Amino acid sequence: MALCLVTGATGYIGGRLAPELLAAGHDVRCMVRSAGRLRDLPWAARTEVVEADATDPERTRRALDGVEVAYYLIHTMGTSGRFAERDRLAARTFAAAAAAAAAAAAGVRRIVYLGGPAADEKLSPHLRSRAEVGEIFLRGAVPAVVLRAAVIIGSGSASFEMLRHLTERLPVMTTPRWVRSRTQPIAVRDVLRYLVAWAEVPQTVNRGFDIGGPDVLTYADMMHGYAAVAGLPPRVIIPVALLTPRLSSLWVGLVTPVPASVARPLVESLRNEAVCGEHDVARYVPDPEGGLIGFRRAVSLALVKIKDADVATRWSSASTPGAPSDPLPTDPAWAGGSLFVDDRSLAVSASPEALWQVIEGIGGANGWYSLPVAWKLRGLADRLVGGVGLRRGRRDPVRLRVGDSIDFWRVEEVLPGRLLRLRAEMRLPGLAWLELGVTRTGGRTIYTQRAIFHPHGLLGHLYWWVISPFHGLIFGRMPVNLAGAARRQERLQPR
């Protein structure tokens, strides 16, 4: 079997592809920028993890040593005007490193890239960038397979979350013209089946393939189909010609958990027709017995996963564009700057286990145990300036792992039963963390809490002093309310 390199292993597709390759008997090496993001994943211990950025030629070259099949699953989802330049640089660097590795004995024999539809002449900027990345690989020295997929339907995908929440929350909606564009959605299971299969195809192939499910639908058709599968009343959809992609993305950002910065490239892409022009991939990867998964079946499978809280990865698994990724400094004089700290603790008349259950379940539907209105207003303010807000929720309602997103936080560290550290991904003039901990001292359970802020410039200092009074209200109530929840949790537990 092949040694496969999976880039983007912390993302939505990469985080699902790695265990599928392992299950198929392949050896897997994951290339990520931060190895810690994979630490708590159940399959990660069976892989080799290397740290590298795709724009770093030397580290990327070392990551490709001995690799036979390299999966390139890196996309920039931000709205910055330089995203195409970054995608181009990363793809060229990776292609050159693969060529260098291929020159060695038993080097790279195939690159597999998952891109987007490219048949429309007037592609959106993000689809145009993905098409360009595919061409870079096809013109490279290493044979490449470029799989072109439109809307991917699966629990946790950004496209599915947008469809789901628009349909569930708006029984009557005025919609932009793109709801009439035709697309050919594909189930995430079929996407993964194609990706895994290309690790074993023996022929030398260098070309792109359209991949899609059996149904050709408009976005309006998909909303009606989702409503039928989910048991919702029929939806009334009124197309309006005046909504631009920018206004549409802001509207999606307010209605769904998908922030405007992620919604905009999705919306821009939906303006293009995305129907497969061929099905040549079946020559190398035959369709499964019974055919590809249809749209309504894919929706049903996704809803079962959501209901069972069995969502392996989410669109928010990947790093949020523009969000900080700096780890918590251990030196108070880190980078020559200041650290502002709001430090609190409380003795809790409950077991450490009960308190930890409450801490690990924080956020999402459980909220933040203090002034819910204040948290909602802060989340709304964040979305209005392009941030992620509070609507991302949680991947799992009970368990957390490093790299999970919780509303506008990212899990930076989990020490089960002892410590949860969250890094803020809201829009701030600085970097912020929230630590929640459990200790046992003298037979007593102690709850500890630290809110930490590293300001950027004068604006960061002003921000801290302006919000300090509100910190007293918000963070001051959290220990008491968390302690109360822990006592209730302990009463509910069987003896």
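As a starting point, this report considers the structure included with it. The structure presented is a predicted model; accordingly, all values stated were derived computationally and were not measured. Numbers given to residues run from 1 along each chain, matching the order in which its sequence is written. Where totals are concerned, whole chains, interfaces and linings use all residues; where local detail is concerned, this predicted model gives features only for residues with pLDDT of at least 70, and gives and counts side-chain atom pairs only at 80 or more. Just so you know, side-chain values use all the structure's heavy atoms and leave hydrogens and water out.

## Here we look at the sheet that holds strand 14 (residues 340-348)
Here is step 1 of the chain: Paired strands are those between which DSSP finds at least two bridges. Going along the chain from the N terminus, every DSSP run of H or I of four or more residues is numbered as a helix, and every run of E of two or more is numbered as a strand. The strand order 14-19-18-17-16-15 describes an open sheet built from six strands, whose pairing is antiparallel. Looking at which strands have only one partner, the edges of the open sheet turn out to be strand 14 and strand 15 (405-406).
Here is step 2 of the chain: Pairing of strand 14 with strand 19 (residues 444-455), which is carried by nine bridges, proceeds in the antiparallel orientation. Bridge assignment links A347 to a residue of strand 19, and that residue is I446.
Here is step 3 of the chain: Across the sheet, helix 11 (residues 352-360) is in contact with strand 14, strand 16 (409-415), strand 17 (419-424), strand 18 (430-441) and strand 19; its angle to strand 18 comes to roughly 160°. Whether two residues are in contact is decided by their heavy atoms: any pair within 4.5 Å suffices. Convention adopted: a line fitted to C-alpha atoms gives each axis, helices being fitted over their contacting stretch, and angles between N-to-C directions are expressed from 0 to 180 degrees.

## Brief notes about the nonpolar core
Here is step 1 of the chain: In terms of nonpolar packing, the biggest core is built from 42 residues, with I13, Y71, L147 and W198 touching the most fellow members.
Here is step 2 of the chain: Sorting the residues of this core by element identifies strand 1 (3-7), helix 1 (14-23), strand 2 (27-32), strand 4 (69-72), strand 5 (110-115), strand 6 (144-149), helix 6 (188-197) and strand 11 (207-211) as the ones contributing at least two each.
Here is step 3 of the chain: Residue contributions to this core peak at six residues, all from helix 6.
Here is step 4 of the chain: Nonpolar cores are built from buried Ala, Val, Leu, Ile, Met, Phe, Trp, Tyr and Cys residues. Side-chain atoms within 4.5 Å join them into one set. Exposed residues in this analysis have more than 50% of their type's maximum accessible area, buried residues have under 20%, and partly exposed residues fall in between, with area computed by a 1.4 Å probe over protein chains only. Membership of the second largest hydrophobic core comes to 39 residues, among which are L434, Y447, F453 and F475.

## Points about the packing of helix 7 (residues 219-230) against helix 10 (residues 295-307)
Here is step 1 of the chain: One way to put it is that helix 7 packs onto helix 10 with a least axis distance of 10 Å and a crossing angle of 50°. As the angle between them shows, helix 7 and helix 10 are arranged oblique. At the point where helix 7 passes helix 10, the crossing takes the right-handed sense. For the pair helix 7 and helix 10, contact is made by M222, G225, Y226, A228, V229 and A230 and by F295, R296, V299, S300 and L303, respectively.
Here is step 2 of the chain: Gly is put with the polar residues, along with every residue not named as nonpolar or charged; the nonpolar set is Ala, Val, Leu, Ile, Met, Phe, Trp, Tyr, Cys and Pro, and the charged set is Asp, Glu, Lys and Arg. Taken together, the residues of the contact of helix 7 with helix 10 break down into eight nonpolar, two polar and one charged. Convention used here: angles under 35 degrees read as roughly parallel, angles over 145 as roughly antiparallel, angles from 65 to 115 as roughly perpendicular, and any remaining angle as oblique. Throughout, a crossing is termed right-handed when the near helix is turned clockwise from the far one, and left-handed when it is turned anticlockwise from it by less than a right angle.

## What about a nonpolar patch on the surface?
Here is step 1 of the chain: Together, L254, V373, L377, L380, L384 and V385 make up a nonpolar patch on the protein surface, roughly 580 Å² of accessible area in all.
Here is step 2 of the chain: Considering the arrangement of structural elements, one finds L380 in helix 12 (residues 372-384). Every patch collects residues that have over 30% relative accessible area and no salt bridge, joining them within 9 Å if they carry like charges and within 5 Å if they are nonpolar side chains (Val, Leu, Ile, Met, Phe, Trp, Tyr). Note that accessible areas follow from Shrake-Rupley with a 1.4 Å probe, and for residues the cover is restricted to the protein chains shown. Salt bridges are defined as contacts in which a side-chain nitrogen from Lys or Arg sits within 4 Å of a carboxyl oxygen from Asp or Glu.

## Regarding the packing of aromatic side chains
Each aromatic ring pair is summarised here by two numbers: the centre-to-centre distance and the angle between the ring planes.
Here is step 1 of the chain: Paired rings are identified among Phe, Tyr and Trp, the last through its six-membered ring, by centres lying within 6.5 Å, and are further divided according to the angle between planes into stacked (under 30 degrees), edge-to-face (over 60) and tilted (the rest). A full pass over the atoms with the stated rule returns 17 aromatic pairs.
Here is step 2 of the chain: Look at Y113 and F137: their rings are 5.8 Å apart centre to centre, the planes differ by 55°, and that puts the pair in the tilted class. With Y113 in strand 5 and F137 in helix 4 (residues 125-138), the pair connects residues that are 24 residues apart, well separated along the chain. Each member of the pair, Y113 as well as F137, carries the same accessibility label: buried.
Here is step 3 of the chain: Through pairs of rings, three or more aromatic residues link up here, namely F340, F453, Y463, W464 and W465.
Here is step 4 of the chain: Lysine and arginine charges are scored as sitting over a ring when NZ or CZ, respectively, is within 6 Å of the ring centre and within 35 degrees of the ring normal. The cationic tip of R193 hangs over the ring face of Y194; the distance from NZ or CZ to the ring centre is 4.7 Å.

## Some details on the state of the cysteines
Here is step 1 of the chain: Any cysteine sulfur atom paired with another within 2.5 Å is treated as part of a disulfide. Per the stated rule, a full pass over the model turns up zero disulfides.
Here is step 2 of the chain: Here C4 stays unpaired: no disulfide links it, and the sulfur of C30, its closest cysteine neighbor, is 10 Å away.

## A closer look at the sheet that holds strand 3 (residues 48-51)
Here is step 1 of the chain: With respect to topology, seven strands assemble into an open sheet ordered 3-2-1-4-5-6-11, the strand pairing being parallel. Edge positions in the sheet fall to strand 3 and strand 11, since each has one partner strand and no second. Taken over all neighbouring pairs, the strand axes of this sheet differ in orientation by 20° on average, direction set aside.
Here is step 2 of the chain: As defined by bridge partners, strand 1 adjoins strand 2 across five bridges and the pair is classed as parallel. The residue bridging T7 from the neighbouring strand is M31, located in strand 2.

All we've got here are geometric facts, nothing functional implied.
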